[in-house]
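Structural characterization, general
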Amino acid sequence: MAAGYADILRAPHAARLLTGTLVGRLPNATGHIAIVLFTRAEGGSYTLAGALAAVYGLATALGQPLLGRAVDLYGQPRVQLPAAVVSALGMALFAVAGTGPLPLAYAAVTIAGLFTPPLEGGLRALWPSVLGRQDQVHRAYAMDAVAQEVMFTVGPLLVTVLVALWSPAAALLVINAVGVLGALSVVMSAPSRSWRSAPREAHWLGALRSPGLLALLGAFFFVGLALGSITVAGVAYADDHGRASVYGWLMAALGLGALIGGTAYGARQWAGAPERRLRVLVALLAAGYLPLVLTPGVVAMTALSALAGVFLAPAIACAFIVVDRHAPRGTVTEAFSWLVTTFGVGAAVGTAAAGPAVEIGGTAWSFAVAGAAGCAALLVLTATQRVLAVPGRSKDIAGSAPASSENDRNGAAQPGFSSGREA
């Protein structure tokens, strides 16, 4: 299992690109936590802290696909690094000015979110040109999903350590400075500098003109909603049991399950259409969320949380493949960024929906939101399976069937499998 991932990391530039992307995404992975801690340290209320974090999240969701489209048009270095610098400056302004002048605070976090560089989508666009072989790219997608789980676990811990050693303001400044260095490492690499998107047909909808991509985004909105609701439901469950540490156990178990599932998924090659495989994975994901409604004792609930996380990383990794197959030519970074945005918006909606569910029906109802959302994701994929069965790049701009992938000079990959081309 580990040997397959080691082979990928031994490929030229692979380890650097993965590490640089993860480091570059630290500000985004920790932004909401750092904003809340800083606002509270400045004497702001929880309401203000939540509002600022929400504005940051919404700005990020808006900026990702727009910057992704810019990357497809102008290349990675000309977009990713300037965006990272502007985003860091926005957060630095927030750290220096504080929450006193509220309009300035809101403007600062809006800038920081809006200019968050689309490093996640950019890395997935680079994998085919770095690895070449389809099976290795699929495994890299799984490794990427696993690495995200690690980052979203380690990132908040890093913020709390920086706050303990220095201050919340210092944590904001350090995390964002490190993020710029991560983006710099990526864009200075040869694959990033040489990558160019395929020629694209001018269209105001960009990647969103693909029916298959729209179907996938609709499904993953509900996957994000499920995950977002669990974060709130876990707090309610911990309150019911009188121990704040219970929440940490549940979230750690969820992450551990995703880590195990993603590692196992990427360890083997999978036959058949990824669209069909994605339906199976989302069905298993929904089945894992449903038992959480039982809210048993802490030990059993921790085990159920681990089970609920097992199919998350595989579903995300498989979704990357489907995005690549359905994104219109020349829009792959934008398409990946839309997936990130839709997932994030779904998570925000899930967080908002779980709160009233707790108030109305108790903890079990908040976990029921996750189960219902998982089932809704499966329904979307089932209802749109005919649309998803036809890869979006079955025809090129001129209308003729492409002979091979843009990245696959040797014909190793299946038609429609492409993320760009080297200049």
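This section reports on the structure supplied with the text.

Rules used in this analysis
Residues numbered from 1 in each chain as written. Predicted model: local features only at pLDDT ≥ 70, side-chain atom pairs only at ≥ 80, totals over all residues. Heavy atoms only, no water. Patch = residues over 30% accessible without salt bridge, like charges linked within 9 Å, V, L, I, M, F, W, Y side chains within 5 Å. Areas by Shrake-Rupley, 256 points an atom, 1.4 Å probe, with all protein chains shown as cover. Salt bridge = Lys/Arg side-chain N within 4 Å of Asp/Glu carboxyl O. Helix = DSSP H or I, 4+ residues; strand = E, 2+ residues; numbered from the N terminus. 1 Å grid on protein atoms, 1.4 Å probe; cavity = no way out; pocket = protein on both sides within 12 Å on 5 of 7 lines; lining within 4 Å. Points joined across faces, edges and corners; volume = space filled by probe spheres on them. Nonpolar A, V, L, I, M, F, W, Y, C, P; charged D, E, K, R; others polar. Buried < 20%, exposed > 50% of the residue type's maximum accessible area, 1.4 Å probe, protein only. Phe/Tyr/Trp six-rings, centres within 6.5 Å; stacked < 30°, edge-to-face > 60°. Core = buried A, V, L, I, M, F, W, Y, C linked by side-chain atoms within 4.5 Å. Contact = heavy atoms within 4.5 Å.

1. Digging into a nonpolar patch on the surface
A grouping of Val161, Leu165 and Trp166 is seen on the molecular surface, where their side chains present a nonpolar patch of about 360 Å² in accessible area. Looking at where Leu165 falls in the secondary structure, it is placed in helix α8 (residues 134–165).

2. Examining empty space enclosed by the protein
Tallied over the entire structure, the rule returns four cavities of 30 Å³ or more. Space inside the largest cavity adds up to approximately 90 Å³. Breaking the lining of the largest cavity down by element, the ones donating at least two residues are α3 (26–41), α5 (77–97) and α9 (168–187). By residue class, the composition of the lining of the largest cavity is six nonpolar, six polar and no charged.

3. Examining the environment of Pro356
Here Pro356 lies in helix α16 (residues 332–361). The exposure class assigned to Pro356 is partly exposed, which follows from its relative accessible area of 42%. When the C-alpha positions of Pro356 and Ser366 are compared, they lie 8.1 Å apart, and in sequence the two are 10 residues distant.

4. Structural notes on the packing of aromatic side chains
All chains considered together, the criterion is met by four aromatic pairs. Residues Tyr265 and Trp270 carry aromatic rings whose centres are separated by 5.2 Å and whose planes lie at 20° to one another, so their mutual orientation is stacked.

5. Some details on the nonpolar core
Counting residues in hydrophobic clusters, the biggest one holds 106 residues, and the most contacted among them are Phe94, Trp127, Phe220, Leu278 and Tyr289. Filtering out sequence-adjacent residues up to four positions away, Leu278 remains in contact with Leu216, Phe220, Ala315, Cys318, Ala319, Val322 and Leu381. Core analysis: the second largest hydrophobic core is formed by five residues, Ala88, Leu119, Val180 and Ala183 among them.

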